Amino acid sequence: MRAQTLEQFNTAPPDEARRTLLACLRSPRWAHRVTAHRPYPDLPALLAAADEAAYDLGPADLAEALAAEPLPVLPEGIYLAASTALSAAYAAYDARFGHKFVICLDDAAPGEALNRVLAAIRSRLTNDPEEERITAADELRRLARGRLLRAARGPAAAPAGAAPVPGQPPHGRARQSAHHPSPVAAPH
């Protein structure tokens, strides 16, 4: 896959544009809505439309997107105790809320990612289900926004916690999730 320019995204056939967007957020409703409002005059307009469409997702749309979202990518070589604690925290979260834990780590330094994830899970486990649905939806929106930005700017702009492009090397980063595609990229 390769990153697309905004012009390529704007002029791509609708099915191709939707596939591109589904690599950012696995919500067909979101992808359809963002595709339907093309062309976008600039990247901020695309990001604003993506945010608005994400805010409008209903519970079923959010459940679908959450089900397809991989767990956060963390550095290889984390201590066994940390890995065990993380697995237990993910299981507790899933048992409480019925979906995977999602968090946008775009602004986290690689060395902070594990602590950030563990602290967020612990904190969010105290949320009531409706409060957590809102938080998870916001994290999904942030993930989609970051993926769109990285795709529009190309692979050199990917932050340390950014999602890799399937089928391409992970740019020197540690273990990656195969489900975590890059944003606005051309389909296979």
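Everything below is about the structure shown above.
Residues numbered from 1 in each chain as written. Predicted model: local features only at pLDDT ≥ 70, side-chain atom pairs only at ≥ 80, totals over all residues. Heavy atoms only, no water.

Undergrad: Report on the overall build of the protein, specifying residues and quantitative values.
TA: Along its length, the protein carries 8 helices and 0 strands. The secondary structure elements of the protein, listed N-terminal to C-terminal, are α-α-α-α-α-α-α-α. Out of the 188 residues in the protein, the part that is buried amounts to 45%. Considering only intrachain contacts with a sequence separation of at least 6, the fraction spanning at least 24 residues in the protein is 68%. Just so you have it, the protein exposes about 9,200 Å², and 57% of that area is on carbon and sulfur atoms. (Helix = DSSP H or I, 4+ residues; strand = E, 2+ residues; numbered from the N terminus. Buried < 20%, exposed > 50% of the residue type's maximum accessible area, 1.4 Å probe, protein only. Contact = heavy atoms within 4.5 Å. Areas by Shrake-Rupley, 256 points an atom, 1.4 Å probe, with all protein chains shown as cover.)

Undergrad: Can you lay out the packing of helix 4 (residues 43-55) against helix 8 (residues 129-153) for me, pointing to particular residues and giving the numbers?
TA: As a packed pair, helix 4 and helix 8 sit with axes 10 Å apart at the nearest point and diverge in direction by 155°. Between helix 4 and helix 8, the crossing angle belongs to the class labelled roughly antiparallel. As helix 4 packs across helix 8, the resulting crossing turns out to be right-handed. Only Asp138, Arg141, Arg145, Leu148, Leu149 and Ala152 of helix 8 make contact with helix 4, whose side of the interface consists of Leu43, Leu46, Leu47, Ala50, Asp51, Ala54 and Tyr55. Residue composition of the contact of helix 4 with helix 8, by class: 9 nonpolar, no polar and 4 charged. (Axes fitted to C-alpha atoms, helices over the stretch in contact; angles between N-to-C directions. Parallel < 35°, antiparallel > 145°, perpendicular 65-115°, else oblique. Left-handed = near helix turned anticlockwise from the far one by under 90°. Nonpolar A, V, L, I, M, F, W, Y, C, P; charged D, E, K, R; others polar.)

Undergrad: Requested: an account of the environment of Ala65, with residues and values cited.
TA: Mapped onto the elements, Ala65 comes out in helix 5 (residues 59-68). Remark: the alpha-carbon pair of Ala65 and Arg29, spanning 36 residues in sequence, is separated by 10.0 Å. Residues in contact with Ala65, not counting those within four places in the same chain, are Leu25, Arg26, Ser27 and Leu140.

Undergrad: Go over the side chain of Arg38 with me, naming the residues and quoting the values.
TA: Along the polypeptide, Arg38 turns up in the loop between helix 3 (28-36) and helix 4. Despite being buried, Arg38 has no salt bridge partner; Glu16 is the closest side chain of opposite charge, sitting 7.7 Å away. A polar atom in the side chain of Arg38 sits 2.6 Å from the backbone oxygen of Phe9. Setting aside its immediate chain neighbours within four residues, Arg38 contacts Phe9, Asn10, Thr11, Ala12, Pro13, Pro14 and Ala17. (Lys, Arg positive; Asp, Glu negative; His and termini not counted. Salt bridge = Lys/Arg side-chain N within 4 Å of Asp/Glu carboxyl O. Polar contact = N/O pair within 3.5 Å; in protein donor to acceptor, adjacent residues only side chain to side chain.)

Undergrad: I'd like a description of the packing of aromatic side chains, backed by residues and values.
TA: How two aromatic rings sit relative to each other is given by the distance of their centres and the angle of their planes. Under the criterion given, the structure shown has 3 aromatic pairs. Taking the centre distance of 6.4 Å and the plane angle of 35° together, the rings of Tyr90 and Phe101 count as tilted. Separated by 11 residues along the polypeptide, Tyr90 in helix 6 (residues 80-97) and Phe101 in the loop between helix 6 and helix 7 (113-124) bring together distant segments of the chain. Considered together, Tyr90 and Phe101 belong to a single accessibility category, that of buried residues. Ring centres 5.2 Å apart and planes at 85° place the aromatic pair Tyr93 and Phe101 in the edge-to-face group. For the pair formed by Tyr93 and Phe101, the shared burial category is buried. Three or more aromatic residues joined by ring pairs make a cluster, and in this case those are Tyr90, Tyr93, Phe97 and Phe101. A cation over a ring is seen here: Arg38 above Phe9, with NZ or CZ 5.7 Å from the ring centre. (Phe/Tyr/Trp six-rings, centres within 6.5 Å; stacked < 30°, edge-to-face > 60°. Lys NZ or Arg CZ within 6 Å of the ring centre and 35° of its normal.)

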